[in-house]
Structures are given as structure tokens and as C-alpha cells.
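The lines below spell out each chain.
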Amino acid sequence: MSGTAHLTDTEVLSMLAGELGRLSSETIASLDAVEREINIQTQWLEERAQYWNRQVNQYQREANTARQQLYRCESSRRDDDQYGSSCEGERRALHFAQQNLSNAQQELNNVHHWIIAVNQASEAYRAQARYYRSISSDVIPKGKTLLSNKQEAIGKYTSVGGGATNFTQEVFSNAGQKGSEFEQWASEHVFKGAARRLIVKVEDNLHLDKYGDGIGLTHERRSDAFIDQDGSIWELKAGYDRGGINEDQLREYSLMEDAGHVYIREGDSVSKADVTSINYLFQTELSAKANSKVLEGYATVWFVDPEGIVRLFE
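Residues numbered from 1 in each chain as written. Predicted model: local features only at pLDDT ≥ 70, side-chain atom pairs only at ≥ 80, totals over all residues. Heavy atoms only, no water.

Trainee: Would you take a moment to explain the sheet that holds strand E3 (residues 225-227) for this structure?
Mentor: Where strands meet in a sheet, backbone hydrogen bonds hold them as pairs that are either parallel or antiparallel. Spatial ordering of the open sheet is given by E3-E4-E7-E8-E9, a layout of 5 strands whose pairing is mixed. Among the strands making up the open sheet, the edge pair consists of E3 and strand E9 (310-312). Strand-to-strand twist of the sheet, defined as the mean angle between neighbouring strand axes without regard to direction, takes the value 25°. Strand direction decides the pairing type here: strand E7 (residues 277-282) and strand E8 (residues 300-304), joined by 4 bridges, are parallel. From the neighbouring strand, Leu 281 faces E8, where its bridge partner is Trp 302. Each of strand E4 (232-237) and E7 touches helix H4 (residues 247-259); the most contacted strand, E7, lies at about 145° to it. Packing of helix H5 (residues 285-295) onto the sheet brings it into contact with E7 and E8, and relative to E8 it is tilted by some 170°. (Pairing = 2+ DSSP bridges. Helix = DSSP H or I, 4+ residues; strand = E, 2+ residues; numbered from the N terminus. Axes fitted to C-alpha atoms, helices over the stretch in contact; angles between N-to-C directions. Contact = heavy atoms within 4.5 Å.)

Trainee: Looking at this model, I keep getting lost on the side chain of Glu 252. Mind explaining?
Mentor: Within the secondary structure, Glu 252 is located in helix H4. Side chain to side chain, Glu 252 and Arg 251 meet in a polar contact 3.2 Å long. Every residue in contact with Glu 252, bar those within four places of it in the chain, is listed here: Gly 216, Leu 217, Thr 218, His 219 and Arg 221. (Polar contact = N/O pair within 3.5 Å; in protein donor to acceptor, adjacent residues only side chain to side chain.)

Trainee: Looking at this structure, I do not really get the state of the cysteines. What am I missing?
Mentor: Should the sulfur atoms of two cysteines be covalently bonded, the bond is a disulfide. As enumerated under the stated definition, the model contains 1 disulfide in all. Linked covalently through their sulfurs, Cys 73 and Cys 87 form a disulfide whose S-S length is 1.8 Å. Residues Cys 73 and Cys 87 share a disulfide whose torsion about the S-S bond is about -100°; that sign makes it left-handed. In this pair, Cys 73 is assigned in helix H1 (residues 11-76) and Cys 87 in the loop between H1 and helix H2 (88-160), connecting sequence segments 14 residues apart. Overall, the relative accessible area of 1% leaves Cys 87 in the buried class. (Disulfide = S-S within 2.5 Å. Buried < 20%, exposed > 50% of the residue type's maximum accessible area, 1.4 Å probe, protein only.)

Trainee: Just checking my understanding: could you explain H5 for this structure?
Mentor: The periodicity of an α-helix, 3.6 residues per turn, causes residues three or four positions apart to be oriented the same way. Ser 287, Ala 288, Asn 291, Ser 292 and Leu 295 are the residues of H5 that are buried. The buried residues of H5 occupy one face: seen down the axis, they fall within an arc of 145°. Within H5, the exposed residues directed more than 90 degrees away from the buried face are Leu 286, Lys 289 and Lys 293. One or two steps after H5, the chain reaches Gly 297, where phi turns positive at roughly 85°. (Arc of directions from axis to C-beta.)

Trainee: What am I meant to see in the nonpolar core here?
Mentor: Nonpolar side chains in soluble globular proteins generally cluster together in the buried interior. Formed by 23 residues in total, the largest nonpolar core has its most connected members in Leu 198, Ile 233, Met 256, Val 262, Tyr 280 and Leu 295. Elements with a contribution of two residues or more to this core: H4, strand E5 (261-266), E7, H5 and E8. With sequence-adjacent residues up to four places away left out, Leu 198 is seen in contact with Arg 221, Arg 222, Ser 223, Phe 226, Ile 233, Val 262, Ile 264 and Ala 273. Of all hydrophobic cores here, the second largest spans 15 residues; its members include Phe 182, Trp 234, Ala 238 and Leu 281. (Core = buried A, V, L, I, M, F, W, Y, C linked by side-chain atoms within 4.5 Å.)

Trainee: Sorry, what's going on with H4 here?
Mentor: Its 13 residues place the ends of H4 18 Å apart at the C-alpha level, agreeing with the 18 Å of an ideal helix rising 1.5 Å per residue. All buried positions along H4 are accounted for by Gln 249, Leu 250, Glu 252, Tyr 253, Ser 254, Leu 255, Met 256 and Glu 257. Between a side-chain oxygen at the N-terminus of H4 and the backbone nitrogen of Asp 248 the separation is 3.0 Å; the capping residue is Asn 246. (Expected span 1.5 Å × (residues − 1).)

Trainee: What exactly am I supposed to notice about the pattern of salt bridges here?
Mentor: For side chains of opposite charge, pairing can occur when their charged atoms come near one another. Within this structure, the stated rule accounts for 16 salt bridges. Residues Arg 196 and Asp 228 are paired through a salt bridge, measuring 2.6 Å at the closest nitrogen-oxygen approach. Taken as a pair, Arg 196 in the loop between helix H3 (178-189) and strand E1 (199-200) and Asp 228 in the loop between E3 and E4 lie far apart in primary sequence, 32 residues in all. Look at Arg 196 and you get partly exposed, because its relative accessible area is 30%. Salt bridges sharing partners connect three or more residues here, namely Glu 35, Glu 123 and Arg 126. (Salt bridge = Lys/Arg side-chain N within 4 Å of Asp/Glu carboxyl O.)

Trainee: Please clarify how the pairing of E7 should be interpreted in this entry.
Mentor: Where a strand is regular, its side chains alternate between the two sheet faces. For E7, the buried fraction is high: 6 of the 6 residues fall into the buried class. Side chains Ser 277, Asn 279 and Leu 281 of E7 all project onto a buried face; the interleaved residues Ile 278, Tyr 280 and Phe 282 project onto the opposite face, where all are buried too. In this sheet, E7 lies alongside E4 in parallel orientation, the contact comprising 6 bridges. Each residue of the ladder has a partner; that of Lys 237, found in E7, is Phe 282. Running through H5, the crossover from E7 to the neighbouring parallel element E8 is right-handed. (Right-handed = clockwise from strand over helix to strand, strands pointing away.)

Encoded structure:
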């Protein structure tokens, strides 16, 4: 569904961005706290396992000693010596040692059981935690960026699209002149002469190949307009009523926005230009609608209404 924007107060977007930031920080803090508690419990279980392992070894030694003492006692008795030792004390000592050993082994087995159970539960939790941490550290910040871009877009709307200009659709009746004349009109009436072309060369922007897999710029890119003051890239589209914008160009513009900057060459010097948003301004609402699905999530879409007012496509 399309419509024209009539917003002038962007405070709600700022508040929502702030709430997203708070949600992100609180979620990460909670995940960190749970991870610390898991580590504490895991360490405690490992310490208990070490303790009971030592107890098992100790009681094993005591049982061996008691068994040897009973053996010596029984070996020293003579069948015809009615006054010889009954070895009852040695038998009780062996019984107690074996009982202690059995109890220690049971405790050690219990600890090992809980170590396995806790590790399994921890791995299951951490799989979920990685998902929520990714949302908090990646998706939510991107949402904040999107809100900031929308806030900027609405700000641009109130400044560049607030009134009619000397423009009618009939100006572009000659299809062959649409592109250049629309760019000239936008330069004068939308950007007030404050925009320039952004020329981005492959060799100066290898950082756009973020993962080193060759998915960066395929060739030099030239924007229709670029505003240094706010880092916004603009494409000015006359025609395109049936869609057909260059999706490779859009993808590479998105790489620039994700990186946050590009390097531009002027003579022998190279300078850095911040890139904060991607914008497409269409000659008509029809062409904006025809291309909106492709641009959704990647660029802010604008159009010029029949009265010459720049509108935010929603």
C-alpha cells in the first residue's frame, strides 16, 4: 500500500530507537549474567568431582589396607589356638572402609551425571543464547540504523518536499529527455544545488569486499546525487513505471551503507566520505510503487506528485 507522508514530528522514532538500544543492552547483560551463573555452577561441579575423586582414592587405599590387615590376622591364627584373635576388629574396619568407598563412588557418579546433564542443558541454552545475542548485537542495531535513516528521511521530507515547485509531469513528455531533465530539476528544486555525484572506484574501495570472497564492487559506481552534509546517496529515476531498476547497483550501494563510508579520488588524493542512507527519487508515484518491493529494506523511496511536491513513499 502506498501513501504520502505528512509527518513532521520524529520524536517517536527517536524514542523507539532509544528503547531498542535499551532492549539490546539489557538482553546482552542478561545473557552475560546467565553465562556467568552457568560457569559458576559448572566450576562447582568440577570441584565436587575432584573432591569425590580424591575421596574414592583415599577410601580405596583404606579398604586395601584393611583387607591386608584382615588377611594377615586370619593367616596368623592357628586352628587349634582357641585363644587366638577372632579378627573381628579387622573385619569391621574393612566393612567400614568398603562402605565409605561405595558411598564416595556413588557421590562421584552423581556428580558426573549432573556434569553431563548441565553440559547438555548449557549447550541447548547457548544455541538459543547465540540467536538472541545475534539479534541484540546485529539485528537490533540495524533496526536502530533503519529508524535513524527514516528519521533523516522524514527530516528531508519536511525540508525538501514541503512545498510545490515549478514542476509538472508534462515537462517530461519527451521520453528521451526524461532522465537528464529530471536530474536537472531535482538538482535545482530538491537539492538546491547542494548535491554532487559520488564516484566510487573499485581499486579505492577494497574494504567493501568485507569477507574477501570477491563480493564487493564489480565496477565503478556513479550516483546521480550525493549530499556530503548527511552522507545520503540519491538515485533519480524518470520512467521505470514497470520496474526494472539496476539491482546490482542497489546491492553495491547497500555494501557502501553497511561499511558506513567509501573512499573517493580527486586527482592524486583520496578522501573518505561517510555513507548513511540510500535514497531513490522517482518521477511518479506509479514508478515508485513499481520498484518499491525491490528497494524495500535497502533504500528509502521517494516520488514527485503531480503538483511537484516530493513525497515519501510508504
